[in-house]
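Here is what each chain is made of, one letter per residue.
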Amino acid sequence: METPDVRHSPHCSQNASAPAPPAAHEKERPLTVAAVAADDAGTVQNEVWSDAALSAWGKTDRFTGQWFPVVHHLTDSAAMAEELFDHYLPPAARTMLSDLAGVSVQEVRSLAAFLAGVHDIGKITPQFASQVSQTFPTVLAAMKRHGLDASRPYPARIPHATLSQVIVQDWLQTEYAADPRTAATYACIAGGHHGRNPSKLSIVQARNSPGALGSGTWIEVRQEVLQKMSARTGAAQVWPMLVSRRLPPSAQSVLTGLVIMADWMASNTDYFPYDGPLSTPRRLAQATALLDLPQPWRAHLESTDATTLLHQRFPQLAPWPARGVQRSLVESAQAARSAPIFIVEAPMGVGKTEGALLAAEVLASRFGQGGVFLGLPTMATANPMFTRTMRWLDNALGEEASVALTHGKAALNDEYDSLLRASWHGDIHDGHDPAESRAVVNMWLRGAKRAGLSSFVIGTIDQALFAALKAKHVALRHLGLAGKVVIVDEVHSADAYMREYLHRLLTWLASWHVPVIVMSATLPPAQREGFITAYARGVGDLHPALPDAGDSYPRVTLYDGDTHDIPVSAEEGSALVSLERMGDDPALIVDRLSALLAKGGCAGVVCNTVRRAQEVFDALHGSVPDDELILIHSRFLAPERLAREADLVRKLGNTKDVQRPSRLIVVGTQVLEQSLDIDFDVLISDLAPIDLLLQRVGRLHRHHRASRPELLREPLLLVRGVTDWESTPPSLARSTTAIYGASSTLRAAAVLNEQISITLPDDIAPLVRRGYDPDLPPPAGWEDRWRAAEQAAANALAVKRQRAQAYLLPAPHAVSSLDGWIDVDGGDPDRAEREGHAQVRDSEDSLEVIVVDRVGDELRMPLCSAFPGTVIPQGQMWGTGQDARYARALAACTLRLPQELCREGMVGSLIEALEGMVDASGWQQSPWLRGQLFLPLDDHGNVAIGLPRGGPGHTELYLLHYDSVRGLTAEKARDH
DNA sequence: AACAAAAAAAAA
Ligand SMILES: [Fe+3]
Ligand SMILES: [Fe+3]
């Protein structure tokens with residue numbers, strides 16, 4: 001906290017009895033003066049500055065009564081920026097900044113240090129200084145004695161960062177005759193140091209506030225700071241070159257990120273104490289020792305051969321040679337002319353991830369990146385990827401490097417948690433052999449906005465997309481990504497809304513020369529082209545050559561200024577999947593499966609909704625033994641869903657110790673289509689968009705198995721979810737069109753129309769291409785429905801894209817400076833962030849709750865938790881200290897409520913109802929439980945929720961039931 | 001009226 005305003009201090013509400021601040025005459029002596037040590041080497045800061053400059057306060061601490069001169073904070077920040085430039089930024093980021101600024105690396109370093117060295121110069125103004133007139137009157141009196149009169153209060157509060165921008169900008173204009181627009185491209189970096197750049201209008205307003213800025217000595221002291229910082233950092237020699245050209249926005253944002261990082265560090269009194277050593281080198285040495293930031297990663301490869309590399313990094317894969325995709329990736333990474341984007345389309349299980357990590361090493365060693373960002377669509381896939389990446393790092397790292405797992409529930413991941421705890425205590429983490437692991441979590445690189453600044457960041461793709469979102473501190477996201485190789489996996493799962501953000505991200509990444517590897521199942525050609533076009537835009541190429549339109553799969557496409565179709569040697573044999581249509585009555589499944597599984601076998605049934613899955617399950621329940629039937633969907637408690645998925649992989653996976661049962665039916669929803677590496681002998685699926693249907697088919701005879709049951713030797717796909725196959729066009733189940741829209745589902749039906757088989761993998765690319773081809777003609781007799789569906793889809797797409805624009809960060813080429821770049825038309829970003837309007841996913845309201853068991857008057861931890869049955873105290877403080885582990889285990893017991901309860905306009909009353917059911921007031925101190933909602937289930941797994949609907953006094957009662965077999969069900973009781 | 005899965009949220 002920079003101002004002594006303590007209204008927002010977390011301590012103040014409960015701190016009525018806190019000791020009063022020391023008496024005014026005692027507390028306002030800068031302790032630094034007394035701390036000059038005789039052997040202090042280097043520049044003693046006080047000798048540099050005039051007494052007037054030293055009298056200006058920059059920070060105050062109301063609790064200790066100490067204050068700190070702003071010129072010292074600025075000197076600390078400049079020194080920290082130099083340190084970060086030299087030892088935190090990877091070579092790629094340094095040369096990128098130098099390229100963009102049009103000066104040498106050394107010169108752009110001077111620019112960075114200068115900007116950090118003046119970021120708070122707006123504090124040397126009457127308007128800022130006057131804030132402490134009540135709390136630190138003698139500081140103001142001393143300032144006044146030095147000619148800095150701040151005794152008049154300024155109620156109109158212009159943020160000091162805005163004042164900094166005005167001051168720096170005007171100085172560049174008068175001192176170096178910079179034109180205003182050019183000056184703004186540099187000055188906005190000071191203006192944005194609080195995470196939000198002032199708008200052009202507010203800058204004009206600030207400039208026209210002479211009272212706020214002050215005159216006379218105020219101007220002289222600021223001039224002194226600007227000149228001495230310029231001289232100290234070497235910027236004085238660089239400005240004449242810089243002012244002749246505008247700094248590109250891509251450099252503005254990364255430098256802003258660097259200034260913010262330096263400021264945060266310099267503002268931490270553990271690292272830069274008010275009363276610590278006075279000489280800057282000593283202060284910096286103390287801070288860097290305490291920070292202990294690992295250096296950026298330096299990739300060093302011992303071989304150029306893909307197979308050799310593969311075996312060095314992934315010894316468990318020896319002695320098998322590198323696979324086709326891996327070789328293509330490694331070899332084309334070696335050949336790329338400049339930082340490239342790869343688009344890798346291949347099924348799971350061909351070693352894409354390993355190939356991408358090896359390619360990242362090749363790219364980083366060639367282009368100087370210092371880390372890798374690896375993004376996945378879900379937390380559930382990011383977690384195992386974190387573990388895999390850690391094992392790669394065991395073999396890839398020569399020195400210590402920082403790692404982070406970044407997603408909303410990262411702290412619930414045990415491996416990351418142990419690394420986090422090790423960073424606290426400074427001791428080595430348990431679990432994995434620490435001697436082998438040079439990957440560490442750095443203490444400073446924790447928290448939502450800092451973790452992404454680590455060298456190796458594994459997280460949800462959202463964490464990268466935030467770099468394209470209008471949100472506070474987006475420049476820190478830019479700093480985090482600008483020196484890395486960026487890999488995003490399973491990109492096919494992104495919808496049109498997310499793709500808007502992904503495109504914008506790619507444009508920014510390209511502008512920093514960041515190598516990108518996009519991995520996906522088959523993409524419609526328009527999507528492939530969209531990624532290349534967005535990336536090319538970032539390097540100023542408006543008309544990149546488009547990739548070959550032919551149907552190949554797997555395929556690797558590369559753009560490095562030119563577009564290349566990289567050959568991938570095919571290795572899999574092809575398979576002919578028989579395709580049959582069946583009716584929608586669940587009873588038909590019972591009959592069909594009992595016949596098909598007569599000689600044993602494992603069947604998967606994928607339904608488009610939870611309700612349909614539960615219906616199929618119920619139909620099978622009577623005739624199939626319990627241990628041969630599994631239901632899986634997302635409406636299970638998270639630990640139970642995890643256990644279920646682990647069970648499926650144990651039974652149907654591809655591991656050495658797989659225990660495949662002789663007979664099994666798995667009924668589920670789309671959770672079966674996502675990233676589970678399991679194999680069915682026969683598959684039944686609801687009709688779905690063709691790409692999704694093919695994802696599901698990917699689970700059919702997925703692994704090479706020595707033998708399959710006699711009746712299931714050839715892969716068979718049965719498609720249902722259509723109420724009438726005979727009508728023209730087929731009439732789709734309503735729930736299916738509600739989820740996917742009529743167009744994409746109808747298109748799937750069209751491309752499969754009259755087909756009786758699918759050849760894998762050859763048919764995949766053409767089916768997906770045709771399924772999304774705008775010119776696909778409807779089959780005869782489908783025209784009317786088709787037209788209506790196409791129109792509805794076009795409208796929905798336009799709405800989605802439109803919605804995405806609201807919080808989409810402008811592209812680097814679309815702005816001159818960062819002035820107002822995260823401002824939202826008619827809104828303020830603080831509010832947008834607080835209320836969660838700014839999103840990278842387009843989603844309707846939905847609610848996740850933590851489940852507790854209610855037994856009599858007691859609340860207990862759920863049976864699936866790590867502490868089953870443990871009593872949870874109510875109405876008293878709980879969840880911190882010794883209880884934190886219980887709170888953490890409880891926080892893992894989440895359950896998503898059905899959409900039926902989260903309808904438009906219902907969520908508010910639902911939250912209210914839930915808050916009334918469990919007294920969680922005593923748990924709010926726990927970071928695990930703070931702000932969460934709780935659902936108490938009685939010992940039958942039941943809970944009733946009443947929601948006001950319609951008129952006053954009118955209530956709808958929903959009966960929820962949870963059991964470990966069917967998951968959560970909701971039904972509406974009769975009105976009462 | 002009812003329809004998957006998925007993510008997220010502290011600074012200087
Ligand atoms: Fe500041
Ligand atoms: Fe600051």
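Just so you know, these numbers come straight off a predicted model, no measurement behind them.

### What to know about the overall build of chain A
Check the secondary structure of chain A and you find 36 helices and 28 strands. Over its C-alpha atoms chain A spans a radius of gyration of 31 Å, differing by no more than 12% from the 30 Å that the globule rule assigns to 976 residues. For chain A, the spread of C-alpha atoms along the principal axes amounts to about 95 × 70 × 60 Å. In chain A, buried positions account for 55% of the 976 residues. Charge separation in chain A, taken as the distance between the mean sites of 90 positive and 113 negative side-chain charges, equals 2 Å.

### What about the sheet that holds strand S26 (residues 942-948)?
Neighbouring strands of a sheet are bound in pairs by backbone hydrogen bonds; such pairs are parallel or else antiparallel. Read across the open sheet, the three strands follow the order S26-S27-S28; overall the sheet is antiparallel. Since the sheet does not close on itself, it has two edges, and those belong to S26 and strand S28 (967-972), each with one partner. Averaged over all pairs of adjacent strands, the angle between strand axes in this sheet comes to 25°, irrespective of strand direction. Pairing geometry for S26 and strand S27 (residues 955-963), over seven bridges, is antiparallel. Paired with Asn942 across the bridge in S27 is His961.

### Quick look at the nonpolar core
Of all hydrophobic cores here, the largest spans 141 residues; its most connected members are Trp239 and Tyr501. Broken down by element, this core gets its largest block of residues, 10 residues, from helix H15 (residues 249-266). Both domains that meet at this core, namely domain 1 (49-291) and domain 2 (324-566), each give it at least three residues. When near neighbours in sequence (up to four residues on either side) are disregarded, Tyr501 contacts Leu465, Ala468, Leu469, Ala804, Tyr807, Leu808, Gln839 and Val840. Grouped together as the second largest cluster of nonpolar side chains are 55 residues, Leu329, Phe342, Leu393 and Met519 included.

### Here's the deal with the packing of helix H26 (residues 586-596) against helix H27 (residues 610-621)
As a packed pair, H26 and H27 sit with axes 9 Å apart at the nearest point and diverge in direction by 50°. Relative to H27, the element H26 is oriented oblique. Here the hand of the crossing between H26 and H27 comes out right-handed. In this structure, H26 contributes Pro586, Ile589 and Val590 to the contact, and H27 contributes Glu615, Val616, Ala619 and Leu620. Class assignment for the residues of the contact of H26 with H27 results in six nonpolar, no polar and one charged.

### Structural notes on the pairing of strand S10 (residues 555-559)
The buried count for S10 comes to five of five residues, which makes it a mostly enclosed element. Where burial is concerned, the two faces of S10 agree: the one with Arg555, Thr557 and Tyr559 and the one with Val556 and Leu558 are both buried. As paired strands, strand S3 (residues 341-345) and S10 are joined by five bridges and run antiparallel to one another. In the strand pairing of S10, Val344 is matched with Val556. Relative to strand S11 (residues 563-566), S10 runs antiparallel, the two being bridged by four bridges. Following the sheet pairing, Val556 is matched in S11 by Ile566. Adjacent in sequence and paired antiparallel, S10 and S11 are bridged by three residues, among which Gly561 carries a positive phi angle near 110°.

### Observations concerning the sheet that holds strand S7 (residues 456-460)
Pairing is mixed across the open sheet formed by nine strands, whose spatial order is S6-S5-S7-S4-S8-S9-S3-S10-S11. Strands with a single pairing partner mark the edges of an open sheet, and in this sheet they are strand S6 (439-440) and S11. On the sheet, helix H20 (residues 379-396) packs against strand S4 (371-376), strand S5 (401-406), S6 and S7 and is oriented at approximately 160° with respect to S7.

### Considerations on the coordination of the iron ion (ligand 2)
Taken together, the protein ligands of the iron ion (ligand 2) are His73 (NE2), His119 (NE2), Asp120 (OD) and Asp263 (OD), with distances of 2.1 to 2.3 Å. Coordination at the iron ion (ligand 2) is irregular, judged from the four donor atoms that bind it and the angles of 78 to 161° they form at the metal. Read in sequence order, the donor residues for the iron ion (ligand 2) give the motif H-x45-H-D-x142-D. In this model, the iron ion (ligand 2) sits 3.5 Å from the iron ion (ligand 1), the two metals being bridged by Asp120.

### Some points on the coordination of the iron ion (ligand 1)
Protein coordination at the iron ion (ligand 1): the donors are Asp120 (OD), His160 (NE2), His193 (NE2) and His194 (NE2), at 2.2 to 2.3 Å from the metal. For Asp120, a relative accessible area of 0% puts it in the buried group.

### A word on the packing of aromatic side chains
Here the distance between the centres and the angle between the planes together describe a pair of aromatic rings. Enumeration according to the criterion identifies 21 aromatic pairs in this entry. Taken together, a centroid distance of 5.5 Å and an interplanar angle of 35° make the contact between Tyr497 and Tyr501 tilted. Of this pair, Tyr497 and Tyr501 are both found in helix H24 (residues 496-511), four residues apart, which corresponds to roughly one turn of the helix. For the pair Tyr497 and Tyr501, a shared accessibility class is recorded, and that class is buried. Aromatic rings pair up to connect Phe114, Trp171, Tyr176, Tyr186 and Trp239 into one cluster. Geometry around Trp444 places Arg450 over its ring, the cationic atom sitting 4.2 Å from the centre. Above the plane of the ring of Trp725 lies Arg581, whose end atom (NZ or CZ) is 5.7 Å from the centre.

### A word on the domain arrangement of chain A
One can read the domain layout of chain A as domain 1 (49-291), domain 2 (324-566), domain 3 (575-760) and domain 4 (844-975). If you average the C-alpha positions of domain 2 and of domain 4, the two centres end up 36 Å apart. At the interface, six residues of domain 2 touch six residues of domain 4. Taking both sides of the interface into account, the surface hidden between domain 2 and domain 4 amounts to around 420 Å²; carbon and sulfur atoms contribute 49%. For the domain 2 face of the interface with domain 4, the top three residues by lost area are Lys409, Ala411 and Leu412, together amounting to 81%. For the pair domain 2 and domain 4, the number of links is three salt bridges. Across the salt bridge formed by Asp414 and Arg888, the nearest N and O atoms sit 3.0 Å from each other. Taken together, the connections running from domain 2 to domain 4 amount to four residue pairs in polar contact (both at pLDDT 80 or more). Its residues assigned to classes, the side of domain 2 that touches domain 4 shows two nonpolar, one polar and three charged.

### Focus on the pattern of salt bridges
According to the stated counting rule, one finds 50 salt bridges in the structure shown. Residue Arg109 pairs with Asp86 through a salt bridge whose shortest N-O separation is 2.8 Å. Highlighted residues: Arg109 in helix H6 (residues 105-118) and Asp86 in helix H4 (residues 70-87), separated in sequence by 23 residues. Accessibility expressed as a relative area gives 17% for Arg109, which makes it buried. Asp86 sits in the partly exposed class, given a relative accessible area of 30%. One continuous salt-bridge network, built from bridges that share partners, spans Glu345, Arg528, Arg555 and Asp565.

### What about the confidence of the model for chain A?
One rule of thumb: low pLDDT means the predicted coordinates there are not for detailed reading. Scored by pLDDT, chain A comes out at a mean of 90, with 92% of its residues at no less than 70. Two summary scores accompany this predicted model of the complex, namely pTM at 0.93 and ipTM at 0.92.

### Here's the deal with the packing of H15 against helix H23 (residues 474-482)
With their axes 7 Å apart at the nearest point, H15 and H23 run at an angle of 105° to one another. Here H15 lies roughly perpendicular to H23, going by the angle between them. Residues Ser253, Val254, Thr256, Gly257, Leu258, Ile260, Met261 and Trp264 of H15 touch H23, and the partners they reach there are Ala475, Leu476, His478, Leu479 and Ala482. Classifying every residue of the contact of H15 with H23 by side-chain character gives nine nonpolar, four polar and no charged.

### Here's the deal with the side chain of Asp263
Considering the arrangement of structural elements, one finds Asp263 in helix H15. Within the buried core, Asp263 has no salt-bridge partner, and the shortest N-O distance to an opposite charge, that of Lys59, equals 4.9 Å. For Asp263, the residues in contact, after removing those within four places along its chain, are His73, Ser77, His119, Asp120 and His193.

Calculation criteria
Throughout, a residue's number is its position along its own chain's written sequence, starting from 1. Following the order in which they are written, the chains are lettered starting with A and the ligands numbered starting with 1. A pLDDT threshold of at least 70 governs which residues receive local features in this predicted model, and a stricter bar of 80 or more applies before side-chain atom pairs are shown or counted, although totals over entire chains, interfaces and linings include all residues. The side-chain quantities take in all heavy atoms of the structure and omit both hydrogens and water. Segments assigned H or I by DSSP are reported as helices when at least four residues long, segments assigned E as strands when at least two residues long, and all are numbered from the N terminus. With C-alpha atoms as the basis for the radius of gyration, the globule rule is written as 2.2 Å multiplied by the number of residues raised to the power 0.38. Exposure is judged per residue with a 1.4 Å probe applied to protein chains only, and the accessible area is read against the type maximum: over 50% gives exposed, under 20% gives buried, and values in between give partly exposed. His residues and chain termini do not enter the charge count, which takes Lys and Arg as positive and Asp and Glu as negative. Where a charge lies is defined by one atom per residue type: Lys uses NZ, Arg uses CZ, Asp uses CG and Glu uses CD. Any two strands with at least two DSSP bridges between them are considered paired. Axis lines are fitted through C-alpha atoms, for helices just across the contact stretch, and the angle between N-to-C directions can take any value from 0 to 180 degrees. Nonpolar cores are built from buried Ala, Val, Leu, Ile, Met, Phe, Trp, Tyr and Cys residues. Side-chain atoms within 4.5 Å join them into one set. Delimitation of the domains relies on an automatic or database domain assignment. The contact rule is simple, with two residues in contact once any of their heavy atoms fall within 4.5 Å. Oblique is the label for any angle not under 35 degrees, not over 145, and not in the 65 to 115 range, which are roughly parallel, roughly antiparallel and roughly perpendicular in turn. When the near helix sits turned anticlockwise from the far one by under a right angle, the crossing is termed left-handed; a clockwise turn instead gives a right-handed crossing. Three classes are used, and their members are as follows: Ala, Val, Leu, Ile, Met, Phe, Trp, Tyr, Cys and Pro are nonpolar, Asp, Glu, Lys and Arg are charged, and the others, Gly among them, are polar. Here a donor is an N, O or S atom found within 2.8 Å of the metal, or within 3.2 Å if the metal is Na, K or Ca; sites may look incomplete because water is not among the atoms. Key to geometry: four donors with every angle between 85 and 135 degrees are tetrahedral; four donors are square planar and six octahedral where opposite donors lie over 155 degrees apart and all remaining angles lie between 65 and 115; all other sites are irregular. By convention, a stacked pair of Phe, Tyr or Trp rings (six-membered ring in the case of Trp) has centres within 6.5 Å and planes under 30 degrees apart, an edge-to-face pair has planes over 60 apart, and any other such pair is tilted. Note on geometry: a ring has a charge over it if NZ (lysine) or CZ (arginine) is within 6 Å of the ring centre and within 35 degrees of the ring normal. The buried area of a pairing is the accessible area, by a 1.4 Å probe, that goes missing from both parts when the two are put together, added over both. For this analysis, a salt bridge means a side-chain nitrogen from Lys or Arg found within 4 Å of a carboxyl oxygen belonging to Asp or Glu. N or O atoms within 3.5 Å of each other form a polar contact, as long as, within protein, one can give a hydrogen and the other can take it, and as long as residues adjacent in sequence are counted only when both atoms are side-chain atoms. Confidence of the predictor in every single residue is expressed as pLDDT, which spans 0 to 100.

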